[in-house]
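Report on the structure
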Amino acid sequence: MKEFIVENWVHILTLSIAAIGGIPGILSTISHFKSSSKLSISIAPLIFGNLEYESKQYVMIFLSLTVTNEGGNVLSPNYFDLSFEINNKWIDLQRFLIPENASFNSNNGQSIKINEPWKRDLQRFNGPIPHGVPVPGHLMFITDAITLDELSKINIINFKLKCIDILKKKHITTFTHTSGPLNENINFPKHGVSIEKEQDA
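Residues numbered from 1 in each chain as written. Predicted model: local features only at pLDDT ≥ 70, side-chain atom pairs only at ≥ 80, totals over all residues. Heavy atoms only, no water.

Further remarks concern the packing of aromatic side chains. According to the stated counting rule, one finds four aromatic pairs in the structure shown. For the pair Phe84 and Phe159, a centre-to-centre distance of 5.8 Å together with 80 degrees between the ring planes defines the contact as edge-to-face. Of this pair, Phe84 sits in strand E4 (residues 77-86) while Phe159 sits in strand E9 (residues 156-165); the two residues are 75 residues apart in sequence, bridging distant segments of the chain. Phe159 sits in the buried class, given a relative accessible area of 1%. Ring centres 5.1 Å apart and planes at 5 degrees place the aromatic pair Phe159 and Phe175 in the stacked group. One end of the pair, Phe159, is in strand E9; the other, Phe175, is in strand E10 (residues 170-178), and 16 residues separate them in sequence. (Phe/Tyr/Trp six-rings, centres within 6.5 Å; stacked < 30°, edge-to-face > 60°. Helix = DSSP H or I, 4+ residues; strand = E, 2+ residues; numbered from the N terminus. Buried < 20%, exposed > 50% of the residue type's maximum accessible area, 1.4 Å probe, protein only.)

Moving on to the pairing of strand E5 (residues 89-92). Bridging between E4 and E5 involves four bridges; their strand directions are antiparallel. Directly across from Phe84, in E5, lies its bridge partner Ile91. In this antiparallel pair of consecutive strands, E4 and E5, the connection spans two residues, and Asn87 shows a positive phi of 55 degrees. (Pairing = 2+ DSSP bridges.)

Let us look at the pattern of salt bridges. Tallying each qualifying case throughout the model produces six salt bridges. The salt bridge partner of Glu116 is Lys119, with a shortest N-O separation of 3.0 Å. By relative accessible area, Glu116 is classed as partly exposed at 33%. Given the relative accessible area of 58%, Lys119 is considered exposed. (Salt bridge = Lys/Arg side-chain N within 4 Å of Asp/Glu carboxyl O.)

Time to look at the pairing of E9. With respect to burial, E9 is a largely interior element, eight of its 10 residues being buried. Direction of pairing for E4 relative to E9: antiparallel, over a ladder of eight bridges. Directly across from Phe84, in E9, lies its bridge partner Phe159. Relative to E10, E9 is paired through nine bridges, and the arrangement is antiparallel. Within the sheet, the bridge partner assigned to Asn158 lies in E10 and is Thr176. A loop of four residues connects E9 with E10, the two strands running antiparallel in sequence, and Lys168 in this loop sits at a positive phi of about 70 degrees.

This next bit is on the confidence of the model for the protein chain. For the protein chain, per-residue confidence averages 79 on the pLDDT scale, and residues scoring 70 or more make up 74% of the total. Mean pLDDT in the protein chain bottoms out at helix H3 (residues 23-35), which sits at 46, and peaks at strand E6 (residues 94-95), which reaches 96. Below a pLDDT of 50 lies the segment residues 4-15, which in the model reaches 10 contacts outside its immediate sequence neighbourhood of four places, other chains included. (pLDDT = per-residue confidence, 0-100. Contact = heavy atoms within 4.5 Å.)

It is worth spelling out the nonpolar core at this point. Counting 27 residues, the largest nonpolar core has Ile61, Leu63, Leu82 and Phe84 as the members making the most contacts within it. Breaking this core down by element, the ones donating at least two residues are strand E1 (39-43), strand E3 (56-69), E4, strand E8 (135-143) and E9. Considering each element in turn, this core owes the most residues, five residues, to E3. Excluding residues within four positions of it along the chain, Leu63 makes contact with Ile43, Leu46, Leu82, Gly137, His138, Leu139, Phe141 and Phe175. If you look at the next biggest cluster of nonpolar residues, it comprises 17 residues, including Tyr58, Phe96, Ala102 and Trp118. (Core = buried A, V, L, I, M, F, W, Y, C linked by side-chain atoms within 4.5 Å.)

Hydrogen bonds along the backbone pair up the strands of a sheet, which may run parallel or antiparallel. One open sheet holds the four strands; their spatial order is E5-E4-E9-E10, and the pairing between them is antiparallel. Among the strands making up the open sheet, the edge pair consists of E5 and E10. Adjacent strand axes in the sheet meet at a mean angle of 25 degrees when their direction is disregarded. (Axes fitted to C-alpha atoms, helices over the stretch in contact; angles between N-to-C directions.)

Our next topic: the side chain of Asp165. Here Asp165 shows up in strand E9. Lys169 provides the closest opposite charge to the buried, unpaired Asp165, separated from it by 6.7 Å. One polar contact links the side chain of Asp165 to the main-chain amide nitrogen of Leu167, over a distance of 2.8 Å. Reaching out from Asp165, the side chain makes a polar contact with the backbone nitrogen of Lys169 at a distance of 2.9 Å. (Lys, Arg positive; Asp, Glu negative; His and termini not counted. Polar contact = N/O pair within 3.5 Å; in protein donor to acceptor, adjacent residues only side chain to side chain.)

Have a look at this one:
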């Protein structure tokens, strides 16, 4: 609740003033809320892995997603942040630009193909997102707060994705990842992603 008040004190103050001002003020405030930018995402299955960076091992989390703006105002991303909840504690991950010519090798009998993901790295996206316009792309984050083995043993993980816009306002959405075996091949053509079970030799 405290976090909500800190991040939304301007809206709360505006709503309080509008309530004092009577019905026209309230209607004006409701219209303002509807016209605000609102982050929304649809996301493909997450990819977890190990990544070595500057002679240190990290857990890598790769997202393929479509970002949309459900608000009336244009959303102008500056960068994206990701955190997850482990043992009732939120852990912030480190932003990591997708390396050029990045490849994904699986040890779990899967064939992972992603078409030039560095070209659609959303951290590099520098345009506005108008209402209702889908923007597909990818994000990569790393952390040394947990090992890949530890992460793979957690069945349900809560994530929080933040889009910080050019005015430093945070737009937050949450999603949940459920671990489990790949029972069927997965294909997301808009993201250029396919994950298939490798055939036994």
